Amino acid sequence: MTQERKDYLTLHFLVLIWGFTAILGLLIEIPSVEIVFYRTLVASFGLFILLRILKRPMTIHIPKHLWYILGTGSLIAAHWILFFLSARISNASVCLAGMATCSLWTSLIEPLSQKRKIVGFEVLLSIIAFIGIGVIFNVEYDHFLGILTAVLSAFLSAVFTVINGRFTKTYDPYVITFYEMVGACVTIALFFPIYSGFFVDKLVLNPSPMDWLYLSILALVCTVYAYSVSVQLMKRMSAFSINLVVNLEPVYGIILALIIFGESEEMSPGFYLGTLLILTSVLIYPILNRRYKKKVLSTDLIR
């Protein structure tokens, strides 16, 4: 087997792991906020050990950047809490359908952050995606809150992805992720008094043995392992190839949810039509974007 084929199989395996995340959120019995607290806590320790093994320097030389990265961790915490909450109040399929809008949010947020104009095809694909969301809202009104929460989670994911894009040019991605996990964990710990005082009767900080098993898989396999391997793949594969496969995450996740949870994950035909519209726009985007960049490059060379 060639190295290229091995890399593609590995990438599909990673996407399968990421698609399994929403299912783990349903299998774990403690609430969403506590899930994210333990996930980020275990992931922080895991990344710390990994950085020590790799002998990577962990210093962020500009203090302002360190605070920005820790603050980005707060966004990640909010994103994950909404992600797991969406799966809880609806189901894994609805959650993953909403999360499929992440790349479309990115296509709108990134141009604004970089002060460049939004390209026509980005607007068109965004419209198609939001039509898909509208179809789901219309036919699955029982899951209105679930899809809304997932879309908001996808929006936050797009925001911190754009922010990360700035820092990865300066700092080691592993180091950035470590401090973001620390920032997320500390944010939730500081939020606990408000959370326990206004939203729940008491904190659930005593996971069962099975919860600890699922939390360990979530933190070490879905976060530390998957991220570490994906970074290695980025050295040999193009960003286009990686993004195209990663866009299949909702597909894998919905299929896994149907296999594991059966009838509780079965949705109406309208839901799958809406999801298909979202996924179509997501899968077409990197292809059109690649052609657009080639066109811009050739125009600049002519000039």
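Because the structure is predicted, anything quoted here is derived from the model rather than measured.

A. Just a nonpolar patch on the surface, in detail. Nonpolar side chains collect at one region of the surface, where Phe 13, Leu 16, Leu 220, Val 221 and Tyr 225 lie side by side and expose about 400 Å² of accessible area between them. Counting residues per element, the ones that place at least two in the nonpolar patch are α1 (3-19) and α10 (209-234). Structurally, Phe 13 is set in helix α1.

B. How the structure looks around the pattern of salt bridges. Scanning all chains against the criterion turns up one salt bridge. We note a salt bridge from Asp 172 to Arg 56, for which the minimum N-O separation is 2.6 Å. Within this pair, whereas Asp 172 is found in the loop between α8 (144-167) and α9 (173-199), its partner Arg 56 is found in the loop between α3 (32-54) and α4 (63-89), the two being separated by 116 residues in sequence.

C. Summary view of unusual backbone geometry. Despite not being glycine, Lys 55 has its phi angle at roughly 60°, a positive value. Mapped onto the elements of the fold, Lys 55 is located in the loop between α3 and α4. The class for Lys 55 is exposed, based on a relative accessible area of 73%.

D. Up close: the side chain of Thr 101. Here Thr 101 shows up in the loop between α5 (92-99) and α6 (102-113). Overall, Thr 101 belongs to the buried group, its relative accessible area being 1%. Among the polar contacts listed, one links the side chain of Thr 101 to the backbone oxygen of Gly 98, at a separation of 2.7 Å. Residues contacting Thr 101, with those up to four places away along its chain left out, are Ile 133, Val 151, Ala 154 and Ile 278.

E. Inspection of the packing of aromatic side chains at higher detail. In the structure shown here, the tally under the stated rule is 13 aromatic pairs. Residues Phe 48 and Phe 178 carry aromatic rings whose centres are separated by 6.1 Å and whose planes lie at 40° to one another, so their mutual orientation is tilted. Of the two residues, Phe 48 is situated in helix α3 and Phe 178 in helix α9; the sequence distance between them amounts to 130 residues. When the centroid spacing of 6.5 Å and the interplanar angle of 40° are considered together, the rings of Tyr 68 and Phe 167 count as tilted. Residue Tyr 68 is located in helix α4, and its partner Phe 167 is located in helix α8; the two are separated by 99 residues in the primary sequence. An aromatic cluster of at least three residues, connected via ring pairs, comprises Phe 37, Tyr 38, Phe 192 and Trp 212. In this structure, Arg 39 is placed above the aromatic ring of Trp 80, and the distance from its NZ or CZ to the ring centre is 3.7 Å.

F. α5, seen in detail. The buried fraction of α5 is high, at eight of eight residues. Within the span of α5, buried status applies to Ala 92, Ser 93, Val 94, Cys 95, Leu 96, Ala 97, Gly 98 and Met 99. Two or three places before Ser 93, at the start of α5, stands the capping residue Asn 91, its side-chain oxygen 3.1 Å from that residue's backbone nitrogen.

Analysis parameters
- Residues numbered from 1 in each chain as written.
- Predicted model: local features only at pLDDT ≥ 70, side-chain atom pairs only at ≥ 80, totals over all residues.
- Heavy atoms only, no water.
- Patch = residues over 30% accessible without salt bridge, like charges linked within 9 Å, V, L, I, M, F, W, Y side chains within 5 Å.
- Areas by Shrake-Rupley, 256 points an atom, 1.4 Å probe, with all protein chains shown as cover.
- Salt bridge = Lys/Arg side-chain N within 4 Å of Asp/Glu carboxyl O.
- Helix = DSSP H or I, 4+ residues; strand = E, 2+ residues; numbered from the N terminus.
- Buried < 20%, exposed > 50% of the residue type's maximum accessible area, 1.4 Å probe, protein only.
- Polar contact = N/O pair within 3.5 Å; in protein donor to acceptor, adjacent residues only side chain to side chain.
- Contact = heavy atoms within 4.5 Å.
- Phe/Tyr/Trp six-rings, centres within 6.5 Å; stacked < 30°, edge-to-face > 60°.
- Lys NZ or Arg CZ within 6 Å of the ring centre and 35° of its normal.

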